[in-house]
Amino acid sequence: MNNQKEKSPLLRWIWSSFIRTALVPLLVVELVFIAFYFISFEWSKNSIVHNLKEEAQVELKQLASTESEVISNKVRSISEVTELFRKEMEEAMQEEHSLSDEDKQRLEFAGNGVYYSASNTSSDGAAVYYSNAMPDKKKDIGKVAQILSQQNLMKHIYESEPLAAGVYMNTYDTLNVIYPYFNVKNQYSPTMKAQDYNFFYQADKEHNPSGEVVWTDAYLDPAGQGWIASSIAPVYNDNFLEGVVGIDIKVSTIVNDVLNIDIPWEGYGILMEEDGTLLALPEEGEQLLGLTELKGHTYQHAVLKNTLKPSNYNVFNLQATKPYAASLKENSQGLLEASINGEERMLAWSTVPKTGWKLLVVIEEDHIYGNIADINKTLIRIGALLIAALLVFYLGYFLFLFRYSKKMSYQVSRPLLDMKNTVHDIGRGNYFQSSQSYSIEELDDIDKSITTMGNTLGKANEALHAAQQELKEKESDLRAVISSIDDIIMRIDSQGRYLSIWTRNEQKLAKPIRELMGASIPEVFSEEDSNHFMSTIQEVSRTRESKNMEYYITTLSGKRWFQGRLSPIEDRQGSETHYVLTVRDITGLKELQESLRKAKEEAERASQAKSEFLSSMSHELRTPMNAILGFAQLLEFEEENLNDSQMENVEEIIKAGNHLLTLINEILDLAKIESGKLSVSIEPVEVSSVIDEVLSITYPLARKRDIQLNHTIRCCRETYVYADRTRLKQVLLNLLSNAVKYNQEGGSIHFSCSIQQHTLQFIVEDTGFGIEEEELPHIFEPFTRIREDVVIEGTGIGLALTKQLVAMMNGTISVQSKVEQGSIFRIEMPLVEWMDIPNLEQEREQGEYATFEGKKKVLYVEDNPANLHLVQKILNKYPDIEFFSAANGEMGIDLAQAHEPDLLLLDIHLPEQDGYDVLSTLKRMEETKNTVVVAISANAMPRDMEKGIEAGFDDYMTKPLQVQTFTHMLQKYLYEEENKDN
């Protein structure tokens, strides 16, 4: 496949460059600005529309509420007058009245039994109609007179209320008196019964139990007024419904007067009844809903029955408004956006008080945003003009660029053609060319550069021939060097494929060289070995660092161990291309390492056997030594029965026995250390008391050899170190006893201590034999004796044991020595920077100590005198507590069994028998199984405390003791327990 790019003339290249670098970016910028213009306009328009919408919604809700209140005020006047009319009519029905002469003349019976008013009065009176539904004999003429007595009031109501279309009174016995007067005989049906019409029955007990003024649904008026709604009220006579008074309002009046509301955005109002029936629908509403409001009526016949508006005049039933019926029905007021018959409207409604009517304000959404649409059209025109102007500009700009690029291509192409010919000449071997001069500075420079390049290539070609000859000679030398060494050198690629192999011994390869060349590592070695090789290649590729590796493979001469070093070969750009693997046969070295490993294991087994033998022998020797020393001490007590020679023999036996026991103990300790069974309890130890004890033991030994023992320990007073007290004493005693044993008669020893930053240093200086320099590295090895020519007691394990113990206590030991001048041993132990030594008197002042009835016994089993002293000082403040102590577990068990203490304090780390063993023994004994036992230990880790509680301790306290916590513990287990018992 040809991967060469398509070639083009210079003119086309310059033209396309202009398009890419000048015109296209400019066009993109302009388009971005235009896009930004339309986007920002759209965003602004949407923001304005949103704000207008919110403002319109708030204003619409307020308008609906306000206008419903206005309508309420208008109809409230009708309701109040209706109530007044009802009261006046009730009073009139209680009085006796007679017809006036004028009324008598105009009232008459028709042939069909109807009693009616044949004419109006001269002063404009009311019309009377008594249908034949009531027989003539039962017609109550007196009732007619009572009602007509209020016809002037009816006239006054009609004239004072502009909304009133009629004022009437209908009785239960079909009498109807109505103002203004009209020809009732021609209008009403002879058999008309008012009880069948809603303007009567909506006021009865069943429909209006409260007897208040109510409004009827819109209905077709039998009196010829068309579609009306009435404000009606019942008239009772001694709790009997005598009739119903009412005031009519025409629907057309409601539309023209009541709904004459100034609503912005060309909006309009619709009035509907509580059940959703349209009460008043303006023309705009008629167009929206596709209905014609029922206002007037052509009365060709009398209205024979109650006639209400059809169901399609109910908002809740109309298909266009049914989706919004629930919101309109359930909420007394609200606002929503609706799509009615495909037209977007905004609806706001509010309930008219006292009537149940709802005023529905309707606004077309486009009217709200009308100005925005005009602005939108104007801005779109501006944008279109901008685009057209840009098109014209870019057309002219294209023509200009084309002419300019054509001129430029000629100015550039001619020099380039000359340069092309020059390059061709150089390519044919004519390296040395002469340069020409051009008007374009860059092209002139290029021509000179090509000429210079030709000259340089000519010289380089001459040098290359010389270098190739030299390279051949060096390659010959390299092959000679490779042939003289045992290493194998290979060159491989990232896929593990062998590219070059140099070796003088082909038998160390997995295959002959001819088979390896071109093969890959996975093809030559097993899957496990090849994975090892390939992972190493990947790691070197990632880290760019050389890596050593060892591998065991099958070669032409058998199984061999090799050590290899894989290094990356990088080009000048730092990219890895190949790897060089230098390999050396280490089979002999591996065999030597294996023999050394076996020798080490054999030595370790021998050392373990030695330790086990020493431990066993030490324990076996202690049993007869116990009898030897025991009986020798019994003989010493019977000195009156022994002569001087026998007493001297007994003393020698005791002396030799004690010396042998010391040796046995040292051997046992060394065996424990080597087997890992010796443990130490690290805690703060006050060093001055330990030093005093060690010096008191060493002084008699020094005096026997006339050795002067001096000390400087003032800085060690009230100083603490982290150590095991018993083992620290043993270490110092070993060093001082060695200083006595290996000293000269009449020599001197100086013991001192000093604080060095975070450590305390113990120094033992003597004037003894000294140690040879070559023996110093071995001085701390077991069974090492520095003076074989001098008989000195000991086994040679004292210093070895000392070093092990110091290391276990996180310390260090060192030695300096000169032959015949003496030695200096130094021990450094971790210093306790701050020791919380409780102020008992201060604790005493902070609160009263509890007192107890009767003596309480407290036993403390502890081998550290400093801790015993502290607890004793605390308990001295309690006169009711009897305190006694034991230095080891065995003695503690005996004292506990004998005295049965109320509280037993037990250290975990005790000599010979630890606290857990003591606790187990106490729990098995009848006298102490219920004794409260509290552990006191320097092991303060959570797991140590959990282990103690699980083992059966009642409580677990850590060192150093806090006096307040300690006294709370005494209070809990001595005082509170006593209260529980009582």
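Residues numbered from 1 in each chain as written. Predicted model: local features only at pLDDT ≥ 70, side-chain atom pairs only at ≥ 80, totals over all residues. Heavy atoms only, no water.

J.: Just to check I follow, could you spell out the sheet that holds strand β31 (residues 955-958) for this structure?
T.: Note on sheets: strands pair through backbone hydrogen bonds, and any given pair is parallel or antiparallel. Read across the sheet, five strands follow the order β28-β27-β29-β30-β31 without closing on themselves; strand pairing throughout is parallel. Of all strands in the sheet, those bounded by a partner on one side alone are β28 (881-886) and β31. Adjacent strand axes in the sheet meet at a mean angle of 20 degrees, parallel and antiparallel pairs treated alike. Pairing between strand β29 (residues 903-907) and strand β30 (residues 932-937): five bridges, direction parallel. (Pairing = 2+ DSSP bridges. Helix = DSSP H or I, 4+ residues; strand = E, 2+ residues; numbered from the N terminus. Axes fitted to C-alpha atoms, helices over the stretch in contact; angles between N-to-C directions.)

J.: Just to check I follow, could you spell out the packing of helix α23 (residues 889-899) against helix α24 (residues 915-924) for this structure?
T.: In a pair of packed helices, the angle between the axes and the distance between the axes together describe the arrangement. Between α23 and α24, the least distance of the axes is 10 Å, while the angle of their chain directions is 25 degrees. The angle between the axes of α23 and α24 places the two elements in the roughly parallel class. α23 and α24 meet at a crossing whose hand is right-handed. Across the interface between the two elements, Gly889, Ile893 and Ala896 of α23 pack against Val918, Thr921 and Leu922 of α24. Residues of the contact of α23 with α24, tallied by class, amount to four nonpolar, two polar and no charged. (Parallel < 35°, antiparallel > 145°, perpendicular 65-115°, else oblique. Left-handed = near helix turned anticlockwise from the far one by under 90°. Contact = heavy atoms within 4.5 Å. Nonpolar A, V, L, I, M, F, W, Y, C, P; charged D, E, K, R; others polar.)

J.: How should I be thinking about the packing of helix α18 (residues 687-704) against helix α19 (residues 725-741) in this particular structure?
T.: Close contact between α18 and α19 brings their axes to 9 Å; oriented N to C, the two are set at 30 degrees. Judged by the inter-axis angle, α18 sits roughly parallel to α19. Remark: the crossing between α18 and α19 carries right-handed chirality. Contacts from Ser689, Val690, Glu693, Val694, Leu695, Ile697, Thr698, Leu701 and Ala702 of α18 reach α19 at Arg725, Leu728, Lys729, Leu732, Leu733, Leu736 and Val740. Grouping the constituent residues of the contact of α18 with α19 by class yields eleven nonpolar, two polar and three charged.

J.: When you look at α23 in this model, what are you seeing that I'm missing?
T.: Because an α-helix packs 3.6 residues into every turn, residues spaced three or four apart end up facing the same way. Of the residues making up α23, those classed as buried are Gly889, Gly892, Ile893 and Ala896. Mapping the buried residues of α23 onto a view down its axis gives an arc of 100 degrees, with all of them on the same face. Away from its buried face, by an angle of more than 90 degrees, α23 presents the exposed residues Glu890 and Ala898. Lining the buried residues of α23 we find β27 (856-861), β28, β29 and α24. At the N-terminal boundary of α23, the capping side chain belongs to asparagine 888, with an oxygen 3.3 Å from the backbone nitrogen of glutamate 890. Backbone geometry just downstream of α23 places glutamate 900 in the positive-phi region, at approximately 45 degrees. (Buried < 20%, exposed > 50% of the residue type's maximum accessible area, 1.4 Å probe, protein only. Arc of directions from axis to C-beta. Polar contact = N/O pair within 3.5 Å; in protein donor to acceptor, adjacent residues only side chain to side chain.)

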